[in-house]
Amino acid sequence: MEQFKVKFKEQADKLGAEIKTLLQEHGNTVIGETTLAQIYQGMRGMTALVTETSLLDAQDGIRFKRRSIPELREQLPKAKGGAEPLPEALFYLMMIGEIPEEKDVENLSAMLQRRSHVPAYVFDAMEALPEEIHPMTMFVVGIMALQNESVFAQRYANGLNKKDYWEATLEDTLNLIARLPHIAAFVYRRKYKGGKMVQPDGMLDWAANFAHMLGYDNEEFKELMRLYMVIHADHEGGNVSAHATHLVGSALSDPYLSYAAGMNGLAGPLHGLANQEVIKWIFEMQQELKTDAPTAEQIGDYVKKTLNEGKVVPGYGHAVLRQTDPRFTAQMEFGKKHMPDDLLVNTVWRIYETVPGILQSLGKVKNPWPNVDAHSGALLVHYGLKEYEYYTVLFAVSRALGVLSSLCWDRALGMPLERPKSVTTAAVKRWLNKEVEHLGD
Ligand SMILES: CC(=O)SCCNC(=O)CCNC(=O)[C@H](O)C(C)(C)COP(=O)(O)OP(=O)(O)OC[C@H]1O[C@@H](n2cnc3c(N)ncnc32)[C@H](O)[C@@H]1OP(=O)(O)O
Ligand SMILES: O=C([O-])CC(=O)C(=O)O
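Residues numbered from 1 in each chain as written. Chains lettered and ligands numbered in written order. Predicted model: local features only at pLDDT ≥ 70, side-chain atom pairs only at ≥ 80, totals over all residues.

(A) Structural context of the site of ligand 2. Residues in contact with ligand 2, as listed here, are His 235, Asn 239, Ala 319, Val 320, Asn 371 and Val 372. Here the shell around ligand 2 is built from residues that sort into three nonpolar, three polar and no charged. (Near = placed C-beta within 6 Å. Nonpolar A, V, L, I, M, F, W, Y, C, P; charged D, E, K, R; others polar.)

Structural data, given as C-alpha cells:
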C-alpha cells in the first residue's frame, strides 16, 4: 500500500480511538441550545457537524490544524523559485495532520501525476453539450461521466467490508483530484478557445499544470493558481459545498457523486458563483459610469442603486465571518506585489473602502466586510482570464481538496448516515400551544 495511505490510516485509527473514548466519557454532554429562529433561519450558529480538515474563527478566518492563511503561506512548501504555497502540501496537511517535507509533496505530486489520465468518453460527454451551457454545468457533467470509474462504487457492488470503505474512498479521492484540472481545462478551452486543447505537462506541479492546460504559461499566473488553489480549498464543514458533499456521502454515495452534489451547491450565487457575480457587477458598473476607474462617490451611488433594486452586493457579507476575510487580504497582498497599478484591481480596493460603511448603515447586515469572492476575479482578469462565468470552476477544483479530504475522514471514522429531524409549522404551533408534549409530535 502507498505510504500516503498507510500514514492516513494511522492518523485515522488514532483519532477514531480518541473519539470512542471521548463519546464514552462525554457523549451526553450538552453543547448548546437550539432556538426556533435557528431552524427557520439557516441554522446559523448551531454547532451540528464534525469536520476534521479546518476550523473557522469569525474574526481570524479559516485555520488548518490551527494554522491561519498567513501562516500557511509562510510554512507550506513552495515550488522551486516560487513564493506561494503548493496546494498538494495543504492536501497533505488536511490528511496527515502535519506540514509535509518537500519530498512528501514531490511524492504526492508524482502519485497524482500517475493517476491523471482522463478517459475519452468523459470529454465526449462534455462535448455533447451545447457550447453556451454554463461552465459549471459542463464541469459537473464531466465529473458525473467519470463516476463510471469509481473504485468505491465497484467494490461496494462486489460486497465491500465496512472496514475498507476508507481505502476505496481515498482511491477515488486521489484519482479525482488528479483528473480534475484536465476536465476543468477542457471546459475552458472548449468554451472560450475554439476547442483547441493544451496537453498536460507531467513535469509541472498540480496547480502549474492546471494553469498550463488552461493556456496560461506565465510564471506569475502559475503562482496565482497555487495561491488560489490553497485559499479556496476548505472552509470548515457547514458551508454549502462541504455540507452537501458530506451529506450525500453519508448515504455511501461514492466520492464522484458526493463531490458533484457539493459543486452544484458551489454553483449558487450566494456561495461560489459570487466570484463571477463580483466581476460582472464591476463590469456593469464601469459600463454604466463610462469609466474604468470609478471614484469612491460613484461606487457608493452604484452600491445604493444595487441595494434599491433588491439585490445583494456580491463579494460582501458572510454567514460566519465577522471581519475582512483573510483570503481577501491574501489576494490583496498578491495584487500589491504583482500588479499595484492595475485599474480593475485598484477598483476592487476602492470598493473595499466604500461598501462596508454603506452595508453597515443598513443595520441588518451582520458582516459588512469582503469575502474571498470580492477579489479573485480581478486578479484573473489581469492575466487575461476575463471569462467570468468560468471562475466558479476554478473554485470547484480547489474545493475538491477540502471536501474530498473530509469525505476520507468521514469514511475512515465510520461517520453514519446524516438524517436530522424536521418539523412542520403546524407541529411547531401545536407544541407552543401545549397540545403535544414534544416538538414534532
Ligand atoms: C465562498 C462564499 O460562499 S463567501 C459568500 C459569497 N456570497 C456573496 O458574496 C453574496 C453576497 N452576500 C450575501 O448574500 C450574504 O452576506 C451571505 C449569503 C453570504 C450570508 O448570508 P446571511 O448569513 O443570511 O447574512 P446576514 O445574516 O448578514 O443577512 C441579513 C440581511 O442582510 C442582507 N445582506 C447580507 N449580505 C448582504 C450583501 N452583501 N448585500 C446586501 N445585503 C446583504 C441579507 O440579504 C439579509 O437581508 P434580509 O433580512 O432582507 O433577507
Ligand atoms: O463558509 C461559508 O459559508 C462560505 C465560504 O466562505 C466558503 O465556503 O469558502
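Moving on, there is more to tell.
(B) Structural view of the site of ligand 1. What surrounds ligand 1 is a group of 22 residues, the closest being Ala 274, Val 312, Gly 317, Ala 319 and Lys 366. Across the shell around ligand 1, the residue classes tally to 11 nonpolar, seven polar and four charged. Per-domain counts for the shell around ligand 1 show at least three residues from each of domain 1 (1–18 + 44–271 + 375–441) and domain 2 (274–374). (Domains from an automatic or database assignment.)

(C) Quick peek at the environment of Tyr 383. Along the chain, Tyr 383 turns up in the loop between helix H18 (373–382) and helix H19 (391–412). Look at Tyr 383 and you get partly exposed, because 17 C-beta atoms sit within 10 Å. It is 8.2 Å that separates the C-alpha atoms of Tyr 383 and Tyr 216, two residues lying 167 residues apart in sequence. Setting aside its immediate chain neighbours within four residues, Tyr 383 contacts Tyr 216, Asn 218, Phe 221 and Leu 224. (Helix = DSSP H or I, 4+ residues; strand = E, 2+ residues; numbered from the N terminus. Buried ≥ 20, exposed ≤ 12 C-beta atoms within 10 Å, placed from the backbone. Contact = placed C-beta atoms within 7 Å.)

(D) A look at the domain arrangement of the protein. Domain parsing of the protein yields domain 1 (1–18 + 44–271 + 375–441) and domain 2 (274–374). Using C-alpha coordinates to define each centre, domain 1 is positioned 27 Å away from domain 2. Domain 1 puts 29 residues into the contact, and the matching count from domain 2 is 31 residues. Sorting the residues of the side of domain 1 that touches domain 2 by element identifies helix H3 (69–75), helix H11 (219–231), H18 and H19 as the ones contributing at least two each. Broken down by element, the residue count for the side of domain 1 that touches domain 2 peaks at seven residues, all from H18. Within the side of domain 1 that touches domain 2, the residues separate by chemical class into 15 nonpolar, 10 polar and four charged.

(E) Focus on the sheet that holds strand S3 (residues 67–68). Spatially, three strands are ordered S1-S2-S3 in an open sheet, and the strand pairing comes out antiparallel. Of all the strands in the sheet, just strand S1 (55–57) and S3 have a single pairing partner and so form its edges. As paired elements, strand S2 (residues 61–64) and S3 share two bridges and run antiparallel to each other. Across the sheet, Arg 63 pairs through a bridge with Ser 68, a residue of S3. (Pairing = 2+ DSSP bridges.)

(F) Representation of the nonpolar core in the model. In terms of nonpolar packing, the biggest core is built from 120 residues, with Leu 90, Phe 139 and Ala 400 touching the most fellow members. The residue makeup of this core includes at least three contributed by each of domain 1 (1–18 + 44–271 + 375–441) and domain 2 (274–374). Non-local contacts of Phe 139, meaning those with residues more than four positions away in its chain, are made with Ile 183, Ala 184, Val 187, Val 393 and Ala 396. (Core = buried A, V, L, I, M, F, W, Y, C linked by C-beta atoms within 7 Å.)

(G) Just the pairing of S2, in detail. Bridge count between S1 and S2: three bridges; the pairing is antiparallel. Each bridged residue has a counterpart across the sheet, and for Leu 55 the counterpart in S2 is Arg 63. Between S1 and S2, which pair antiparallel and follow one another directly, the connecting turn spans three residues. Linking S2 to S3, which pair antiparallel, is a turn of two residues; within it Lys 65 sits at a positive phi near 45 degrees.

(H) Summary view of helix H15 (residues 296–308). With 13 residues, H15 extends 18 Å between its outermost C-alpha atoms, agreeing within 8% with the 18 Å of an ideal straight helix rising 1.5 Å per residue. For H15, every residue scored as buried is listed here: Ile 299, Tyr 302 and Val 303. The arc that holds the buried residues of H15, viewed along the axis, is 105 degrees, so those residues lie on one side. Of the exposed residues in H15, the ones pointing more than 90 degrees away from its buried face are Glu 297, Lys 305 and Asn 308. Where H15 is buried, its residues touch helix H14 (274–289) and helix H17 (343–362). Positive backbone phi, approximately 75 degrees, marks Gly 310, located one or two places after H15. (Expected span 1.5 Å × (residues − 1). Arc of directions from axis to C-beta.)

(I) Region of the structure containing the packing of H11 against helix H16 (residues 326–338). Relative orientation of the contacting elements H11 and H16 amounts to 170 degrees, with a least axis distance of 11 Å. Classified by the angle their axes make, H11 and H16 are roughly antiparallel. Residues Glu 220, Leu 224, Leu 227 and Ile 231 of H11 form the contact with H16, whose participating residues are Arg 327, Ala 330, Phe 334 and His 338. Here the residues of the contact of H11 with H16 are counted per class, giving five nonpolar, one polar and two charged. (Axes fitted to C-alpha atoms, helices over the stretch in contact; angles between N-to-C directions. Parallel < 35°, antiparallel > 145°, perpendicular 65-115°, else oblique.)

(J) Region of the structure containing the environment of Thr 425. With respect to the helices and strands, the residue Thr 425 is situated in helix H20 (residues 425–432). A tally of 8 C-beta atoms within 10 Å means that Thr 425 is categorised as exposed. The spacing of Thr 425 and Glu 223 is 202 residues in sequence and 51 Å in space, taken between C-alpha atoms.

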